[in-house]
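Read off the chains here:
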Amino acid sequence: MSNIIPFHPRRSPLILLYEVVDEWGNAEWGGNSEKEALAWIANSPTATRILVSGWSTDDDDAYLIGEPLDITTIVREASR
């Protein structure tokens, strides 16, 4: 069955990056530590959302895989 064309690339580990933004979408903090993202949004008077995105690698030539996800509601519900 060598004539089968795969539609999905091989699975590879994603590099997760977090971004804390204000109500206008301006980044206040960004990095790979979920703990630091949570601390930043908890202590910032202007931060309103946490976004997480998956990247192909942590090198300079990395590319975004999919769309960033807004995880703010999940974080807030989990910390109740």
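Bear in mind that the values here come from a model prediction, so they are computed numbers and not experimental data.

Colleague: Mind showing me how you'd approach a negative patch on the surface here?
Modeller: A contiguous patch of negative charge, built from Asp58, Asp59, Asp60 and Asp61, is present on the exposed surface. Mapped onto the elements of the fold, Asp58 is located in the loop between strand 3 (47-55) and strand 4 (64-70).

Colleague: Could you clarify how one ought to interpret the side chain of Ser53 in this entry?
Modeller: Considering the arrangement of structural elements, one finds Ser53 in strand 3. Separated by 2.8 Å, the side chains of Ser53 and Trp55 make a polar contact. Other than its neighbours up to four places away in sequence, Ser53 contacts Ile15, Leu16, Leu17, Leu64 and Pro68.

Colleague: Looking at this structure, how should I read the sheet that holds strand 3?
Modeller: Two orientations exist for strands paired in a sheet by backbone hydrogen bonds: parallel and antiparallel. Strand order across the open sheet formed by four strands is 2-1-3-4, with antiparallel pairing between neighbours. Edge strands, defined here as strands with exactly one partner in the open sheet, are strand 2 (27-31) and strand 4. Ignoring strand direction, the axes of neighbouring strands in this sheet form an average angle of 20 degrees. Note that strand 1 (residues 15-22) and strand 2 share four bridges and pair antiparallel. Paired with Tyr18 across the strands is Gly31, a residue of strand 2. Helix-sheet contacts for helix 1 (residues 34-43) involve strand 1, strand 2 and strand 3, and the interaxial angle to strand 3 is about 165 degrees.

Thresholds applied
- Along each chain, the written sequence defines residue order, and numbers are assigned to residues from 1.
- The predicted origin of the model limits local features to residues at a pLDDT of at least 70 and limits the giving and counting of side-chain atom pairs to 80 or more, whereas totals for whole chains, interfaces and linings rest on all residues.
- To get the side-chain values, all heavy atoms of the structure are used, and hydrogens and water are removed first.
- Patch definition: residues with relative accessible area over 30% and no salt bridge; like charges joined within 9 Å; nonpolar side chains (Val, Leu, Ile, Met, Phe, Trp, Tyr) joined within 5 Å.
- To measure how exposed things are, a 1.4 Å probe is used in the Shrake-Rupley method; for residues, cover is taken only from the protein chains shown.
- Only one rule defines a salt bridge in this text: a Lys or Arg side-chain nitrogen within 4 Å of an Asp or Glu carboxyl oxygen.
- Under the convention used here, Asp and Glu are negative, Lys and Arg are positive, and both His and the chain ends fall outside the count.
- A single reference atom marks each charge: NZ on Lys, CZ on Arg, CG on Asp, CD on Glu.
- Secondary structure elements follow DSSP: runs of H or I of four or more residues count as helices, runs of E of two or more count as strands, with numbering from the N terminus.
- Pairs of N or O atoms are called polar contacts if they sit within 3.5 Å, as long as, within protein, a hydrogen donor faces a hydrogen acceptor (for residues adjacent in sequence, only side-chain-to-side-chain pairs).
- Any two residues whose heavy atoms approach within 4.5 Å at even a single point are treated as in contact.
- Note on pairing: DSSP must find at least two bridges between two strands before they are called paired.
- Fitted lines through C-alpha atoms give the axes, limited to the stretch in contact for helices. The angle between two N-to-C directions lies from 0 to 180 degrees.

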